[in-house]
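Residues per chain, in single letters:
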Amino acid sequence: VSNDEEIERLPRGEYCDGTADVDLSKMCTEDGEVAQDSSPPQPLKVCILEIGCGYNVPTCRVISERLVLDLRRRGGLPSLIRINPLHPEPDDDDVDEFTISILGRGLASLKVIEAYYGEIQASNR
């Protein structure tokens, strides 16, 4: 399945031409007009959290990595956080710089992330 075929399967928007647009400076109004924001567009920041997808779940791994590369190609700032007790590393070397590999089990890793996140929030108050 090509990326174009995968994109065609995505739900369509109600306004404009119905396609998703990564450029968030373009917002469609109910009458189909495109409203322009005067500020320069900011890159879309996306974090993909993949839990427990080892080599036995290649479809999920491939889709996550393709999405990271596609977002990057379109000017986004993607991050892939892959949590797996055996194989948290990226399969594609091109995704390596955008991947945080956590060697561990899902729930235990999420609890550690939550604890650190709580500390960050507390220090920012």
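Overview of a negative patch on the surface
- Judged by side-chain charge, Asp93, Asp94, Asp96 and Glu97 come together as a negatively charged surface patch.
- By the element assignment, aspartate 93 lies in the loop between strand E4 (77-84) and strand E5 (99-103).

Digging into a nonpolar patch on the surface
- A grouping of Leu49, Ile51, Leu110 and Ile113 is seen on the molecular surface, where their side chains present a nonpolar patch of about 290 Å² in accessible area.
- Listed by contribution, the elements that provide at least two residues to the nonpolar patch are strand E3 (45-51) and helix H3 (106-123).
- If you trace the backbone, isoleucine 113 turns up in helix H3.
- For isoleucine 113, a relative accessible area of 34% gives the class partly exposed.

Overview of the confidence of the model for the protein
- Residues of the protein with pLDDT of at least 70 account for 70%, and the chain-wide mean is 83.
- Here residues 18-22 is modelled with pLDDT under 50, and outside its nearest four sequence neighbours on either side it reaches six contacts, counting other chains as well.

Topic: the environment of leucine 107
- Along the chain, leucine 107 turns up in helix H3.
- For the pair formed by leucine 107 and isoleucine 51, sequence separation is 56 residues and the distance between their alpha carbons is 8.9 Å.

Focus on the pattern of salt bridges
- A full pass over the atoms with the stated rule returns five salt bridges.
- Between glutamate 65 and arginine 82 there is a salt bridge whose closest N-O contact spans 2.9 Å. Residue glutamate 65 is found in helix H2 (residues 58-73), and its partner arginine 82 is found in strand E4; the two are separated by 17 residues along the sequence. A single burial state applies to glutamate 65 and to arginine 82, both of which are buried.
- The partner of arginine 73 in a salt bridge is aspartate 70, with the nearest N and O atoms 2.4 Å apart.

So, the side chain of arginine 82
- Classification of arginine 82 by relative accessible area gives buried; the value is 0%.
- Of note is the side chain of arginine 82, whose polar atom sits 2.9 Å from the side chain of glutamate 65.
- A distance of 3.1 Å separates the side chain of arginine 82 from the backbone oxygen of glutamate 89, its partner in a polar contact.
- Setting aside residues up to four positions removed in sequence, arginine 82 forms contacts with Glu50, Arg61, Ser64, Glu65, His87, Pro88, Glu89, Pro90, Asp91, Ile100, Ser101 and Ile102.

Cut-offs and rules
Residues numbered from 1 in each chain as written. Predicted model: local features only at pLDDT ≥ 70, side-chain atom pairs only at ≥ 80, totals over all residues. Heavy atoms only, no water. Patch = residues over 30% accessible without salt bridge, like charges linked within 9 Å, V, L, I, M, F, W, Y side chains within 5 Å. Areas by Shrake-Rupley, 256 points an atom, 1.4 Å probe, with all protein chains shown as cover. Salt bridge = Lys/Arg side-chain N within 4 Å of Asp/Glu carboxyl O. Lys, Arg positive; Asp, Glu negative; His and termini not counted. Charge placed at Lys NZ, Arg CZ, Asp CG, Glu CD. Helix = DSSP H or I, 4+ residues; strand = E, 2+ residues; numbered from the N terminus. Buried < 20%, exposed > 50% of the residue type's maximum accessible area, 1.4 Å probe, protein only. pLDDT = per-residue confidence, 0-100. Contact = heavy atoms within 4.5 Å. Polar contact = N/O pair within 3.5 Å; in protein donor to acceptor, adjacent residues only side chain to side chain.

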